[in-house]
Amino acid sequence: MCKQALDIRRCFLSKCNSQDTLDSFEQNPDQEFSQESFQVSVQGKQAPILKILKESNSFLPHVVLASTLLAIFYPPSFTWFTNRYYAPALGFLMFAVGVNSSEKDFLEAFKRPAAIFAGYVGQFIVKPLLGYLFGIMSATVFGLPTPVGAGIMLVSCVSGAQLSNYATFLTDPPMAPLSIVMTSLSTATAVFVTPLLSLLLIGKRLPVDVKGMVSSILQIVVAPITAGLLLNRFFPWICSAIRPFLPPLSVFVTALCVGAPLAINVDCIVSSFGLLILSLIIAFHLSAFIIGYYLPGIFFHKAPDVKALQRTLSFETGMQSSLLALALANKFFQDPLVAVPPAISTVMMSLMGFTLVMLWAKKRVTS
């Protein structure tokens, strides 16, 4: 056990650098999310190239799977995509969201306070309870070092991931603004809630950079979405020109953000010690996805869009900003083992989320 712990410490110190992935793009929400909405006619005939570009989002699950395999078997293909590129990548994806949205969509989202509150409960009550449970199990049942359990708990204390917004875009486009509001609220309040939860669960109060986090929200979320909304409002012809190119670019950027953390931490993940932690992280996220899906079905069973709301809240509960947890672990904990669960979480959260996107999108098409 000690030898394994020493190996993973060495592995993590040399390889650990991770990322929390993100979110992205869909078509104009005033249109139906269907094959027909992507069709472009020029003099009564379809423009095949434009059609392919606009429908490239449908290839996202396959691209994510390919990037995962490539990151495992040839890590240098993604290791160049370091942390400094994450903020611009997220900003681009949120800009694409703004270009394909309107201010009316976000105003409508604020008219559902009960759903917003449910998303907040999933993020900061359900998820921390699961994190505490699996953190305790890691030491008492599986005999892992205590810092590993602390790392699992730390993952459960952070805010929602913007990748949940992207997943919602791909499955239920009309719910996208609601998802963005939920994630933005949890991120904005994480400056107070995350330190409190870490104190309650881990026994260590972590100072969080309030100014830095607010600045990050403004740069990555607020400013790009606002720019996209304004461009769509005052220069719609420009949006019409660039809109066909946003889906393939969004798919490419997302693949980078999924493959990079896996490539950087692949040695830690595939080690014997890492595989046990990997199993716990998968169980943690899977439990969060399941609870996030079924609980709203009980409380919102009368809502006309209950299934779409269930999927949205499942993404909100099961996906979180593991990058923030990784940064906190590296900065405030001396033991590098604390940072291993957040590093693995950045990978598994993305893969599990897009697996659900693929399954739910396929189910919608067949139905």
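Residues numbered from 1 in each chain as written. Predicted model: local features only at pLDDT ≥ 70, side-chain atom pairs only at ≥ 80, totals over all residues. Heavy atoms only, no water.

Asker: Sorry if this is basic, but what is going on with the pattern of salt bridges here?
Answerer: Two side chains carrying opposite charge are able to pair once their charged atoms lie near each other. All chains considered together, the criterion is met by three salt bridges. Of the charged contacts in the structure, one is a salt bridge between Asp305 and Arg112, with a shortest N-O distance of 2.7 Å. Of the two residues, Asp305 sits in the loop between helix 15 (272–299) and helix 16 (306–318) while Arg112 sits in the loop between helix 6 (103–109) and helix 7 (113–140), which places them 193 residues apart along the sequence. By relative accessible area, Asp305 is classed as partly exposed at 22%. With a relative accessible area of 26%, Arg112 lands in the partly exposed category. With its nearest N and O atoms 2.8 Å apart, the salt bridge here joins Asp172 to Arg311. With Asp172 in the loop between helix 9 (163–171) and helix 10 (176–201) and Arg311 in helix 16, this pair connects stretches of sequence that are 139 residues apart. (Salt bridge = Lys/Arg side-chain N within 4 Å of Asp/Glu carboxyl O. Helix = DSSP H or I, 4+ residues; strand = E, 2+ residues; numbered from the N terminus. Buried < 20%, exposed > 50% of the residue type's maximum accessible area, 1.4 Å probe, protein only.)

Asker: Even after reading the chapter, I still don't get the UniProt feature "transmembrane region" (unreviewed entry) in the chain, so can you show me in this structure?
Answerer: Mapped onto this numbering, the UniProt entry gives "transmembrane region" (unreviewed entry) at residues 59–79, 114–136, 148–168, 180–202, 214–232, 244–264, 270–295 and 339–361. In residues 148–168, helix accounts for 76% and strand for 0%; the two terminal C-alpha atoms are 31 Å from one another. (UniProt positions renumbered as here; feature names shortened; annotations may be inferred.)

Asker: How do you make sense of the nonpolar core when you look at a structure like this?
Answerer: One broad trend across soluble globular proteins is that nonpolar side chains are buried collectively. Judged by nonpolar contacts, the single largest core of 88 residues is most densely connected at Tyr166, Leu178, Ile277, Phe315, Ile344, Met348 and Phe354. With twelve residues, helix 18 (residues 340–366) is the largest single contributor of residues to this core. Residues in contact with Phe354, not counting those within four places in the same chain, are Leu60, Val64, Leu163, Tyr166, Leu170, Thr254 and Val258. One finds Phe124, Met153, Ala190 and Val193 within the second-largest nonpolar core, a separate group that totals seven residues. (Core = buried A, V, L, I, M, F, W, Y, C linked by side-chain atoms within 4.5 Å. Contact = heavy atoms within 4.5 Å.)

Asker: Would you explain the packing of aromatic side chains in this entry?
Answerer: Counted under the stated rule, the structure contains eight aromatic pairs. Note on Tyr293 and Trp360: the rings are 5.5 Å apart at their centroids and 25° apart in plane angle, and the pair reads as stacked. Linking Tyr293 in helix 15 with Trp360 in helix 18, this pair joins segments that are 67 residues apart in sequence. Across this residue pair, the class does not change: Tyr293 and Trp360 are buried. An aromatic cluster is defined as three or more aromatic residues linked by ring pairs; in this entry it consists of Tyr293, Tyr294, Phe315 and Trp360. Its end group placed over the ring of Phe234, Arg233 keeps NZ or CZ at 5.8 Å from the ring centre. (Phe/Tyr/Trp six-rings, centres within 6.5 Å; stacked < 30°, edge-to-face > 60°. Lys NZ or Arg CZ within 6 Å of the ring centre and 35° of its normal.)

Asker: Would you mind showing me how to read the environment of Ala327 here?
Answerer: One can find Ala327 in helix 17 (residues 322–332). Distance from Ala327 to Pro342, taken between C-alpha atoms, is 8.9 Å for residues 15 residues apart in sequence.

Asker: Would you explain a nonpolar patch on the surface in this entry?
Answerer: A grouping of Leu65, Leu69, Ile72 and Phe73 is seen on the molecular surface, where their side chains present a nonpolar patch of about 420 Å² in accessible area. Here Leu69 lies in helix 3 (residues 60–73). (Patch = residues over 30% accessible without salt bridge, like charges linked within 9 Å, V, L, I, M, F, W, Y side chains within 5 Å. Areas by Shrake-Rupley, 256 points an atom, 1.4 Å probe, with all protein chains shown as cover.)

Asker: Mind showing me how you'd approach the confidence of the model for the chain here?
Answerer: When pLDDT drops low, the exact placement of atoms in the prediction is not to be read closely. Here the chain averages 78 in pLDDT, and 78% of its residues register 70 or above. At the level of individual helices and strands, the chain shows its lowest average pLDDT in strand 1 (residues 41–42), which scores 38, and its highest in helix 16, which scores 94. Here residues 16–46 is a poorly scored stretch, pLDDT under 50, and it has 108 contacts once near neighbours within four places are set aside; other chains count. (pLDDT = per-residue confidence, 0-100.)

Asker: Please explain the packing of helix 7 against helix 8 (residues 146–157) as it appears in this structure.
Answerer: Helix packing for two helices is described by the angle between their axes and how far apart those axes are. Axis separation between helix 7 and helix 8 bottoms out at 8 Å; the angle between their running directions is 170°. Here helix 7 is positioned roughly antiparallel relative to helix 8, judged by the angle of their axes. Of the residues in helix 8, those touching helix 7 at Gln123, Phe124, Lys127, Pro128, Gly131, Tyr132, Phe134, Gly135, Ile136 and Ser138 are Val148, Gly149, Ile152, Met153, Val155, Ser156 and Cys157. Here the residues of the contact of helix 7 with helix 8 are counted per class, giving ten nonpolar, six polar and one charged. (Axes fitted to C-alpha atoms, helices over the stretch in contact; angles between N-to-C directions. Parallel < 35°, antiparallel > 145°, perpendicular 65-115°, else oblique. Nonpolar A, V, L, I, M, F, W, Y, C, P; charged D, E, K, R; others polar.)

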